[in-house]
Amino acid sequence: MTPSDTSPPASAHASRATRRKGARVGLALAGGGPLGAIWEIGALCALEETLVGIAFTRMDGYVGISAGGFIAAGLARCARPSSRTSAATTT
């Protein structure tokens, strides 16, 4: 089997290419339970303020394990990291 046999159909490439030009960007988040989730939310807030032109709610793909999966799901649904700070710190 050659690499060309395993590539996705051309229609999958075309739909992504028309959505955004340039490289595709994804986000991978780790687990860590409640403390890991709080840390990841804080790190994403800091990165959101620092990195110009990167919107964590507009990535091409999301993957997460455990708590990172919940955060990735929220980002995929356009919930900004800063909107999660009160939910993570409220007991």
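Before reading further, recall that the structure is shown in the block above.
Rules of the game
- Residues numbered from 1 in each chain as written.
- Predicted model: local features only at pLDDT ≥ 70, side-chain atom pairs only at ≥ 80, totals over all residues.
- Heavy atoms only, no water.
- Salt bridge = Lys/Arg side-chain N within 4 Å of Asp/Glu carboxyl O.
- Helix = DSSP H or I, 4+ residues; strand = E, 2+ residues; numbered from the N terminus.
- Buried < 20%, exposed > 50% of the residue type's maximum accessible area, 1.4 Å probe, protein only.
- Right-handed = clockwise from strand over helix to strand, strands pointing away.
- Core = buried A, V, L, I, M, F, W, Y, C linked by side-chain atoms within 4.5 Å.
- Contact = heavy atoms within 4.5 Å.

A.B. asks: Help me out: how do you make sense of the pattern of salt bridges in this one?
C.D. replies: Inspection of every chain in the model, using the stated rule, returns one salt bridge. Ionic pairing is found between Glu 48 and Arg 80, a salt bridge with its closest N-O pair at 3.2 Å. Taken together, the positions of Glu 48 in helix α3 (residues 33-50) and Arg 80 in the loop between α4 (67-76) and α5 (85-89) put the pair 32 residues apart, joining distant regions of the chain. Classification of Glu 48 as buried rests on a relative accessible area of 18%.

A.B. asks: Is there a simple way to explain the pairing of strand β1 (residues 26-29) in this structure?
C.D. replies: A regular strand carries its side chains on alternate faces of the sheet. Only one face of β1 is buried: it carries Leu 27 and Leu 29, and the other face, with Gly 26 and Ala 28, is open. Viewed along the sheet, the connection from β1 through α3 into strand β2 (residues 61-64) turns out right-handed.

A.B. asks: Would you explain unusual backbone geometry in this entry?
C.D. replies: A negative phi holds for most residues other than glycine; trans holds for most peptide bonds. One non-glycine residue, Ser 66, lies in the positive phi region at around 55 degrees. Within the secondary structure layout, Ser 66 lies in the loop between β2 and α4.

A.B. asks: What's the story with the nonpolar core in this structure? I'm lost.
C.D. replies: A general tendency of soluble globular proteins is for nonpolar side chains to be buried together. Core analysis: the biggest nonpolar cluster contains 12 residues, these being Leu 27, Leu 29, Ala 37, Ile 41, Leu 44, Cys 45, Phe 56, Met 59, Ala 67, Ile 71, Ala 72 and Leu 75. Elements that contribute at least two residues to this core include exactly β1, α3 and α4. Excluding anything up to four places from it in sequence, Phe 56 contacts Leu 27, Leu 44, Leu 47, Glu 48, Tyr 62 and Leu 75.

A.B. asks: I'm lost on the environment of Ile 71 in this one. Help?
C.D. replies: Checked against the element boundaries, Ile 71 lands in helix α4. For the pair Ile 71 and Gly 31, spaced 40 residues apart in sequence, the C-alpha to C-alpha distance is 9.7 Å. Once you skip the residues sitting within four places of it in the chain, Ile 71 turns out to touch Leu 29, Ala 37, Glu 40, Ile 41 and Leu 44.

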